[in-house]
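Given next are the chains, with one letter for each unit.
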Amino acid sequence: MKIAILSTDGVNVDLHLGKGESAYIYLSENDFELIDYKFISINKEEKHQSAKVINALNDCDVIIAQDFGFKAKIKAEENNIILYRADGPINEAYKDFMN
């Protein structure tokens, strides 16, 4: 399973889906392994950019973000992506999601 985690520092989940310009991509097979990093070009002045973020991460099964809206959830479901809310350390967010 590929999991994208929206984070500015690679340590904490700290980005709203619509402002998710940096995503750390993990593979969750036997272990939780960092496999990629994606920078998503968004306009910080614009609102509602979650569709752009989802499209950029459409090869992932899960996106973990600090928060997201209802329309983002629908867009993710259309792309067979699970959205999960979390805040704080990435490893804790991953453990919470897996449970």
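Computed from a predicted model, the values in this text were never measured in an experiment.

Here's the deal with the pattern of salt bridges
Argument step 1. Taken as a whole and judged by the stated rule, the model has five salt bridges.
Argument step 2. Across the pair Lys2 and Asp59 runs a salt bridge whose closest N-O atoms are separated by 2.7 Å. Taken together, the residues Lys2 in strand β1 (residues 2–6) and Asp59 in the loop between α1 (50–56) and β5 (62–65) connect sequence positions 57 residues apart.
Argument step 3. Residue Asp59 is classed as partly exposed on the basis of its relative accessible area, which comes to 36%.
Argument step 4. Salt bridges sharing common partners tie together Lys2, Lys38 and Asp59.

Describing the environment of Ile90
Argument step 1. Along the chain, the position of Ile90 falls in helix α3 (residues 90–98).
Argument step 2. On the basis of relative accessible area, Ile90 is assigned to the buried category, the value being 3%.
Argument step 3. Residue contacts for Ile90: discarding those within four places in its chain leaves Ile5, Ser7, Gly10, Val11, Asn12, Val13, Tyr26 and Phe32.

Some words on the sheet that holds β5
Argument step 1. An order of β4-β3-β1-β5-β6 is seen for the five strands of this open sheet, with the pairing classed as mixed. A single partner strand is all that each edge strand has here, and the edge strands are β4 (32–39) and β6 (82–85). Direction aside, the axes of adjacent strands within the sheet are offset by 25° on average.
Argument step 2. One ladder, built from five bridges, connects β1 with strand β3 (residues 22–28); its direction is antiparallel. Note on β3: the bridge partner recorded for Ala4 is Ile25.
Argument step 3. With respect to the sheet, α3 is in contact with β1, β3, β4, β5 and β6, its orientation differing from that of β6 by roughly 120°.

Focus: the layout of surface pockets
Argument step 1. Of the voids in this model, the largest pocket is the one considered here, and its volume is about 260 Å³.
Argument step 2. As for the largest pocket, its lining consists of 15 residues, of which His48, Gln49, Ser50, Gly69 and Ala72 are closest to the centre.
Argument step 3. Those elements that place two or more of their residues in the lining of the largest pocket are α1 and α2 (70–78).
Argument step 4. Among the elements that line the lining of the largest pocket, the one with the most residues is α2, at four residues.
Argument step 5. Residue classes in the lining of the largest pocket are distributed as four nonpolar, six polar and five charged.

Procedures and definitions
Residues numbered from 1 in each chain as written. Predicted model: local features only at pLDDT ≥ 70, side-chain atom pairs only at ≥ 80, totals over all residues. Heavy atoms only, no water. Salt bridge = Lys/Arg side-chain N within 4 Å of Asp/Glu carboxyl O. Helix = DSSP H or I, 4+ residues; strand = E, 2+ residues; numbered from the N terminus. Buried < 20%, exposed > 50% of the residue type's maximum accessible area, 1.4 Å probe, protein only. Contact = heavy atoms within 4.5 Å. Pairing = 2+ DSSP bridges. Axes fitted to C-alpha atoms, helices over the stretch in contact; angles between N-to-C directions. 1 Å grid on protein atoms, 1.4 Å probe; cavity = no way out; pocket = protein on both sides within 12 Å on 5 of 7 lines; lining within 4 Å. Points joined across faces, edges and corners; volume = space filled by probe spheres on them. Nonpolar A, V, L, I, M, F, W, Y, C, P; charged D, E, K, R; others polar.

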